[in-house]
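# Notes for the structure review
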Amino acid sequence: MKVGIVETPGVLKLAEREIPKVKNADDVLVKVKRVGICGSDIHILHGKNPFAVYPRVWGHEFVGEVADTGAGVKSVKEGDRIVVEPITYCGNCYACLQGRPNVCVDVKVFGVHRDGGCADYVVVPETNVHILPEGLSWDEAALIEPFTIGAQACYRGNVQQGDYVLVMGAGTIGLTAASMAKLYGGTVIVSDLVDEKLNYAKSRGADYVINSGKEDLFKRVAEISGGMGPNVTIDAVCIKKTFEDAVLITSTAGRVVELSFNETPSEIAPVNIIKKEISVCGSRLQTKRFPVVIDFIKTGKLSLAGFVSKVYPVSQMVEAFEYIEKNNASVRKVLISFE
Ligand code: MN
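Computed from a predicted structure; not experimentally measured. (Residues numbered from 1 in each chain as written. Predicted model: local features only at pLDDT ≥ 70, side-chain atom pairs only at ≥ 80, totals over all residues. Heavy atoms only, no water.)

### Some points on the pairing of strand β12 (residues 187-192)
- With 5 of 6 residues buried, β12 lies mostly within the body of the structure.
- Across 5 bridges, the pairing between strand β11 (residues 164-168) and β12 is parallel. Residue pairing across strands places Met 168 opposite Ser 191, the latter belonging to β12.
- At this point the chain moves from β11, through helix α5 (residues 172-183), to the parallel β12, and the crossover so formed is right-handed.
- Relative to strand β13 (residues 208-211), β12 runs parallel, the two being bridged by 4 bridges. When the bridges of β13 are listed, Val 190 appears paired with Val 209.
- In this view, the connection linking β12 to its parallel neighbour β13 by way of helix α6 (residues 195-203) has right-handed handedness. (Buried < 20%, exposed > 50% of the residue type's maximum accessible area, 1.4 Å probe, protein only. Helix = DSSP H or I, 4+ residues; strand = E, 2+ residues; numbered from the N terminus. Pairing = 2+ DSSP bridges. Right-handed = clockwise from strand over helix to strand, strands pointing away.)

Take a look at the structure:
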């Protein structure tokens, strides 16, 4: 079978591997149909993910059809259309016992710590598969995982009905966070430096968009929120300035959610967190968000139409990565097809 591997940092190519077999009672063999390319896959390609071990079959956003099951598998059968939840965890550490296995001390992400979904076939544990809503196309199904990341950011920021939610950054993750915040009843403000991205955010239901390169972000947000500031700020940019701005702009009793592994420190005085009693938290991967996103799709509340920028056959995998790197300002999601 064909797999897409990052052989060493900078070297992306197709390789031949044996089709994996069901070995354990809870194994599910998946015939992959689509795998999405994530910003984190690009980081792995460039050697910028500290957890990646090479060579690595990349891909954590994948969907497909059940091709075989172990003797103990009960929840799915051959032919079922599924999406894979791409993490495994120990189940015994503090985070796992707190119901937060996404930050398990031994968390393993498909396509990062272990081989991922850019392959004709992948074996995954039964607990990692979720049945797709009927009628959902493969292209749309591949967007479920990215939307769980946006859902997690809202969950961590405790977005409530009526909250003003500022999403900094209208890239893929910012857009998913904005969509989910809207579904939770927020008034959603999206900021970015690129009008094209902001226009798309608006078309997806953002209530207000602000080009923070052209307008004063603090002034505009104050106008919109009656001087209060956003109750939740989701920082999907995560540079020195956006983290600082997020803390300063957020309302009293508000929440700030950070979403990246950027290592550049910000200058934040404790007083700015304490006087407003702000909660600052991180949001990593997701926990229990697949059923939430799938339910929003089933009930017709979450539309995924138009979110996929382009689909490439696996034979053009390298071109797909090049396309993203050349069109960074306008690309939302590029998929690889195995059909
Ligand atoms: Mn992703």
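### Considering the packing of aromatic side chains
- Overall, the coordinates contain 7 aromatic pairs when judged by the stated rule.
- Judged by centre distance (6.1 Å) and plane angle (55°), the rings of Tyr 312 and Tyr 323 are tilted. Here Tyr 323 lies in helix α11 (residues 317-326) and Tyr 312 lies in strand β17 (residues 308-313), a separation of 11 residues in the sequence.
- Aromatic rings pair up to connect Phe 147, Tyr 200 and Phe 307 into one cluster.
- Taking the ring centre of Tyr 121 as reference, the NZ or CZ of Lys 31 above it sits at 5.5 Å.
- Here the guanidinium or amino end of Arg 289 rests over the ring plane of Tyr 155, the centre of that ring lying 3.9 Å away. (Phe/Tyr/Trp six-rings, centres within 6.5 Å; stacked < 30°, edge-to-face > 60°. Lys NZ or Arg CZ within 6 Å of the ring centre and 35° of its normal.)

### A word on the packing of helix α4 (residues 144-156) against α5
- Look at α4 against α5: their axes get within 7 Å of each other, and the N-to-C directions meet at 60°. Judged by the angle between their axes, α4 and α5 are oblique. For the pair α4 and α5, the crossing hand works out as right-handed. Of α5, the residues touching α4 (which contributes Pro 146, Phe 147, Ile 149, Gly 150, Ala 151 and Cys 154) are Ile 173, Thr 176, Ala 177, Ser 179, Met 180 and Ala 181.
- For the contact of α4 with α5, a count of residues per class yields 9 nonpolar, 3 polar and no charged. (Axes fitted to C-alpha atoms, helices over the stretch in contact; angles between N-to-C directions. Parallel < 35°, antiparallel > 145°, perpendicular 65-115°, else oblique. Left-handed = near helix turned anticlockwise from the far one by under 90°. Contact = heavy atoms within 4.5 Å. Nonpolar A, V, L, I, M, F, W, Y, C, P; charged D, E, K, R; others polar.)

### What to know about the side chain of Glu 85
- Within the secondary structure layout, Glu 85 lies in the loop between β6 (81-84) and β7 (87-88).
- Those residues in contact with Glu 85 that sit more than four places away from it in its chain are Phe 110, Asn 128, His 130, Gln 286 and Phe 290.

### Observations regarding the domain arrangement of the protein
- Parsing the protein into structural domains produces domain 1 (2-143 + 304-337) and domain 2 (150-282).
- A C-alpha centroid distance of 29 Å is found between domain 1 and domain 2.
- Tallying the contact residues gives 13 residues for domain 1 and 11 residues for domain 2.
- Roughly 930 Å² of surface becomes buried between domain 1 and domain 2 when both sides are summed, with 55% attributable to carbon and sulfur atoms.
- Three residues stand out in domain 1 for area buried against domain 2, namely Phe 307, Ala 329 and Arg 332, and they jointly supply 50% of the buried area on that side. (Domains from an automatic or database assignment. Buried area = accessible area lost by both parts, 1.4 Å probe.)

### Observations concerning the nonpolar core
- Judged by nonpolar contacts, the single largest core of 47 residues is most densely connected at Val 28, Ile 37, Trp 58, Phe 62, Val 124, Phe 321 and Ile 336.
- The element contributing the most residues to this core is strand β3 (residues 27-37), with 5 residues.
- What Ile 37 contacts, discounting residues up to four positions off in sequence, is Ile 42, Trp 58, Glu 61, Ala 320, Phe 321, Ile 324, Lys 333, Val 334 and Ile 336. (Core = buried A, V, L, I, M, F, W, Y, C linked by side-chain atoms within 4.5 Å.)

### A closer look at the coordination of the manganese ion
- Here the manganese ion is held by Cys 38 (SG), His 60 (NE2) and Glu 61 (OE), and the distances to it run 2.1 to 2.6 Å.
- Here the donor residues of the manganese ion are spaced in sequence according to C-x21-H-E. Pair noted here: Cys 38 is in the loop between β3 and α1 (39-45) and His 60 is in the loop between β4 (56-57) and β5 (61-69), with a separation of 22 residues, a long-range link. (Donors = N, O, S within 2.8 Å, 3.2 Å for Na, K, Ca; no water.)

### So, the environment of Val 237
- When you line up the elements, Val 237 lands in the loop between β14 (232-235) and α8 (240-249).
- With relative accessibility at 35%, the residue Val 237 sits in the partly exposed group.
- Excluding anything up to four places from it in sequence, Val 237 contacts Met 168, Gly 169 and Thr 242.

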